[in-house]
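Listed here are the chains, written in short residue letters.
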Number of protein chains: 2
Amino acid sequence: MAQWIGFIGLGIMGRPMAKHLLRAGYPLVVHNRSRPPVEELQALGARAASSPRQVIEEADVVITMLPNSPDVELVALGAGGLIEAAAPGKLLVDMSTISPLVSQRVAAELKKQGMEMLDAPVSGGEKGAIEATLSIMVGGDRAAFDRTLPILQAMGKTVTHLGPIGSGGFVKLANQIIVAINLTAIAEGLVLAAKAGLDLELAIKALAGGLAGSRCLEQKTPNYLTHSFQPGFKVDLHYKDLGLIMEAARGLGVPLPVTALVQELFSALRARGRGGLDHSGIITLLEDLAGVQVGRRP
Amino acid sequence: MAQWIGFIGLGIMGRPMAKHLLRAGYPLVVHNRSRPPVEELQALGARAASSPRQVIEEADVVITMLPNSPDVELVALGAGGLIEAAAPGKLLVDMSTISPLVSQRVAAELKKQGMEMLDAPVSGGEKGAIEATLSIMVGGDRAAFDRTLPILQAMGKTVTHLGPIGSGGFVKLANQIIVAINLTAIAEGLVLAAKAGLDLELAIKALAGGLAGSRCLEQKTPNYLTHSFQPGFKVDLHYKDLGLIMEAARGLGVPLPVTALVQELFSALRARGRGGLDHSGIITLLEDLAGVQVGRRP
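Residues numbered from 1 in each chain as written. Chains lettered and ligands numbered in written order. Predicted model: local features only at pLDDT ≥ 70, side-chain atom pairs only at ≥ 80, totals over all residues. Heavy atoms only, no water.

Side note on the nonpolar core
Threshold: Take the buried Ala, Val, Leu, Ile, Met, Phe, Trp, Tyr and Cys residues and link them wherever side-chain atoms come within 4.5 Å; each set so joined is a nonpolar core. For the exposure calls, accessible area comes from a 1.4 Å probe over protein chains only, and a residue counts as buried if that area is under 20% of its type's maximum, exposed if over 50%, partly exposed in between. In this description, contact between two residues means that some pair of their heavy atoms is separated by no more than 4.5 Å.
In terms of nonpolar packing, the biggest core is built from 106 residues, with Leu190(A), Tyr224(A), Ile282(A), Leu190(B), Tyr224(B) and Ile282(B) touching the most fellow members. Ignoring any residue separated from it by four or fewer positions in sequence, one finds Ile282(A) in contact with Leu183(A), Thr184(A), Ala187(A), Leu265(A), Phe266(A) and Leu269(A).

Structure (C-alpha cells):
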C-alpha cells in the first residue's frame with residue numbers, strides 16, 4: 001500500500017492538487033483552517049486531522065500550500081505545528097510561494113529534529129493546478145527530491161531540482177521579477193503607440209515578430225485587444241511576490257532599482273482599487289497617467 | 001529601364017542596403033559625407049552626387065539611412081537639401097531611427113512642395129542589412145507605400161505598413177522600450193539568482209520554460225552563460241533610442257516611469273565606459289551594484 005501523505009492548505013491551488021494525489025492512489029490526511037474544503041476532500045476518501053502536528057504524526061511526507069511566509073512558519077514551527085512531531089524520515093514539501101530566506105530558516109529548525117524539507121513553489125496558476133500541468137521548482141536535499149519526485153509528478157508536468165533549500169523559491173522570485181517588469185514594459189510601449197494613434201493589433205503583430213516578443217506578450221494579447229483584465233494571476237498576488245522579492249534582495253544585498261519602481265506602480269494600481277485585475281492590468285495605470293485607452297484612437 | 005534611386009548615408013547599415021538595390025538592378029545615385037564608401041559604390045556601378053539636392057534632381061525616390069534626427073533634418077530641409085528640388089512625384093523614404101515627431105515635421109515641409117515621405121525604420125541590425133532580412137516598419141501614405149514595396153523588399157524580409165507618417169518610428173520606439181526594459185528585468189532576476197548561489201544554466205532553463213520566457217532571454221542566453229557582451233546592438237545606440245523615446249513621449253504627453261529609470265541605468269553603464277557593449281551588458285551594471293558576477297558562485 002502507498003505511503004500516507006499529509007496536505008495542509010486546501011485553497012484555490014491546494015484543493016485540486018490534493019485531489020490529484022487521491023486520484024493517483026495516495027492515502028491522504030488533510031488539514032485546513034476552514035471546514036468546507038476538508039469535508040470536500042473527506043467525501044473523496046481523505047482523512048481529516050485537527051492540527052499540523054496530527055498530520056505529521058500520521059504521514060511521513062507533508063505538503064503545505066499556504067498564502068505567505070508567516071503561515072508556513074506557524075504551521076511548521078508554531079504551537080501544534082510540525083516541529084512538535086518532527087523526526088528523522090519525516091519530510092516537509094512546502095509548495096507555497098514564500099521568502100526563500102524563511103524556507104531556509106524553517107528547514108534549519110526542522111533539521112535539528114532530523115527532519116528534511118524541500119521548497120517547491122509552482123508556476124502555472126489555478127489552471128495548472130486543475131490540469132496537473134504545474135511547473136514545480138524544487139530546492140533541497142537531492143535524495144529527498146528523488147524520493148518525492150513521483151508525488152510531485154502527480155501534480156505537475158515539469159519538475160526541476162535547482163539546488164539546496166531555497167533554490168526553488170529564488171528561481172520563482174526571479175521569474176516574478178521578469179514577468180512583472182516585462183508586463184510593465186509592454187504597457188509603456190503599447191500606451192506610447194496608442195497615444196501616437198497606432199492600430200493596436202498591427203503594432204502588437206509587428207512587436208511580437210521582433211526582439212520585443214515574449215510569452216507575456218503572446219499570452220496577454222487577447223487581454224490588450226479586448227481591454228479586459230479578468231485574472232489570470234491577480235495584481236494582489238504579484239504585489240505580495242514583489243514584497244517577497246524586495247525582502248529577499250535586502251537580505252542578500254542585491255539592489256533591484258527597476259523591480260522597486262514596478263512594485264510602487266503595482267501599489268498605485270491597488271490604491272486605485274484594481275488589485276483584483278489580472279497582472280497585465282498594470283497597463284490601465286499607464287493609461288490613466290497618459291489619459292488614453294489602448295486599442296482606441298486618442 | 002528601372003527607375004533611378006537615390007541613397008544618402010552609406011554607413012554600417014546603409015552600405016549593404018545600397019548594394020542590395022544595385023544587385024536588384026536599380027540604377028543608383030549616392031551621397032555620403034565621407035568619400036571611401038562612395039567610391040566603393042561607384043566601383044559597383046553607382047553614380048556619385050555632391051549634395052542631397054543633386055540626388056533628388058536625378059532620382060524620384062531617395063532613401064536616407066542616417067544616425068539621428070538632426071542629420072535627417074539637415075539632409076531634407078537644410079542648405080543644398082532635398083527641399084530645394086522637392087516636387088510632386090518625388091518621394092523620400094527615411095529608414096533611419098529618428099524621432100517620429102521629426103519625421104512628421106519633415107514630411108509636412110516636403111508636402112508643401114507636393115513631395116511625399118515614408119518613415120521606414122528597420123530592425124535586424126548589420127546582420128539583417130547584409131543578409132537583406134531586415135524587418136521594415138513603415139508609416140506614410142498607402143499609395144506611396146505600395147509603389148515603394150518592391151524597393152523595400154530588395155532590402156528586407158518583413159515589410160509592414162503601420163499607418164500614417166511616423167507610425168513606423170513609433171512602433172520602432174515601442175520595440176526599443178520593451179527590449180531595453182526586458183533586458184534590465186532579466187539582469188535583475190539573474191543577479192538575484194546568482195547572489196543566492198543558484199546554477200545559472202539551470203535557472204535560465206527554468207525561467208525560459210515559464211511566463212518569464214522571451215526572445216531577449218533566448219537570444220542573449222549565450223552572452224549570460226559565457227559572460228561576454230560583444231555587440232550585437234550597442235548600449236550607445238540603445239541609449240540614443242531611449243533619448244528619442246523620452247522626447248517623443250514628452251511631445252505626446254505619455255509618462256514612461258520605467259523607461260526613464262532604465263535610461264538612467266544605461267547612462268550609468270556608459271559612464272563606466274561600457275557603451276560599446278551589447279545592450280544585454282546592462283547586467284554588468286546590476287552585477288556591480290550587487291557585488292556579484294552572474295555565472296559564478298558568490
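That shown, we press on.
Describing the pairing of strand S2 (residues 28-31) of chain B
All names here are of chain B. Heads up, the rule is: The helix count covers DSSP runs of H or I at least four residues long, the strand count covers runs of E at least two residues long, and both are numbered beginning at the N terminus. By the convention used here, strands pair only if DSSP detects at least 2 bridges between them. A crossover counts as right-handed when, viewed with the strands pointing away from the observer, the path leading from the first strand over the helix to the second turns clockwise.
Burial of S2 is two-sided: the residues Leu-28 and Val-30 facing one way and the residues Val-29 and His-31 facing the other way are all buried. Across four bridges, the pairing between strand S1 (residues 5-8) and S2 is parallel. Directly across from Phe-7, in S2, lies its bridge partner Val-30. For the crossover from S1 across helix H1 (residues 14-23) to S2, the handedness is right-handed. In this region the chain leaves S2, passes through helix H2 (residues 36-43) and returns to the parallel neighbour strand S3 (residues 47-48); the handedness of that crossover is right-handed.

Here we look at the pattern of salt bridges
As a reminder, the rule being used: Here, a salt bridge means any side-chain nitrogen of Lys or Arg that lies within 4 Å of a carboxyl oxygen of Asp or Glu.
In this structure the tally under the stated criterion is 34 salt bridges over all chains. Here Glu73(B) ties to Arg105(B) by a salt bridge, and the two come within 3.1 Å at their closest N and O atoms. Here Glu73(B) is found in helix H4 (residues 69-77), whereas its partner Arg105(B) is found in helix H5 (residues 100-112), with 32 residues between them in sequence. Residue class for Glu73(B) comes out partly exposed when judged on its relative accessible area of 26%. Looking at Arg105(B), the relative accessible area reads 45%, which means it is partly exposed. Close ionic contact of Arg270(B) with Asp236(B) constitutes a salt bridge, the shortest N to O distance being 2.7 Å. Linking Arg270(B) in helix H12 (residues 257-271) with Asp236(B) in helix H11 (residues 235-252), this pair joins segments that are 34 residues apart in sequence. Judged by relative accessible area, Arg270(B) falls into the partly exposed class, the value being 36%. In this structure Asp236(B) comes out as partly exposed when scored by relative accessible area, which is 34%. Counted as one network, the salt bridges with shared partners bring together Arg15(A), Lys19(A) and Glu40(A).

Some remarks on the relation of the copies chain A and chain B
Put simply, the rule reads: Our superposition of the copies is a least-squares fit, built on the C-alpha atoms of residues whose pLDDT is at least 70 in both.
Take chain A, turn it by 180°, move it 0.1 Å along the axis, and it overlays chain B with an RMSD of 0.2 Å. Expressed as a symmetry operation, the mapping of one chain copy onto the other fits a two-fold axis. Closest approach to the rotation axis among the C-alpha atoms of chain A is made by Ser214(A), whose C-alpha sits 1.9 Å away.

Topic: the domain arrangement of chain A
Residues and elements named next belong to chain A. Test applied: For each domain, the first and last residues come from an automatic or database assignment. Accessible surface is computed with a 1.4 Å probe, and the buried area is the amount of it that two parts give up when combined, taken over both parts together.
Taken as a whole, chain A is organised into domain 1 (5-164) and domain 2 (171-290). Put simply, the middle of domain 1 and the middle of domain 2, counted by C-alpha atoms, are 30 Å apart. Contact with domain 1, which involves twelve residues of that partner, is made by nine residues of domain 2. Across the domain 1 to domain 2 interface the summed buried area is about 890 Å²; carbon plus sulfur atoms make up 71%.

Observations regarding the interface of chain A and chain B
Operational definition: Counting of polar contacts relies on pairs of N or O atoms within 3.5 Å, with two restrictions inside protein: one atom must be capable of donating a hydrogen and the other of accepting it, and residues adjacent in sequence are counted only when both atoms are side-chain atoms.
Taken together, the 53 residues of chain A in the interface contact 53 residues of chain B. Together, Ile178(A), Leu192(A) and Leu211(A) form the three largest contributors to the area buried by chain A at its contact with chain B, with a combined 16%. Viewed at the interface, chain B and chain A are joined by zero salt bridges. The interface formed by chain A and chain B holds twelve residue pairs in polar contact (both at pLDDT 80 or more) in total.

A word on the side chain of Asn182(B)
Tracing the backbone through its elements, the reader meets Asn182(B) in helix H8 (residues 167-195). For Asn182(B), the contacting residues outside a window of four places in its chain are Ile178(A), Asn182(A), Ser214(B) and Cys216(B).

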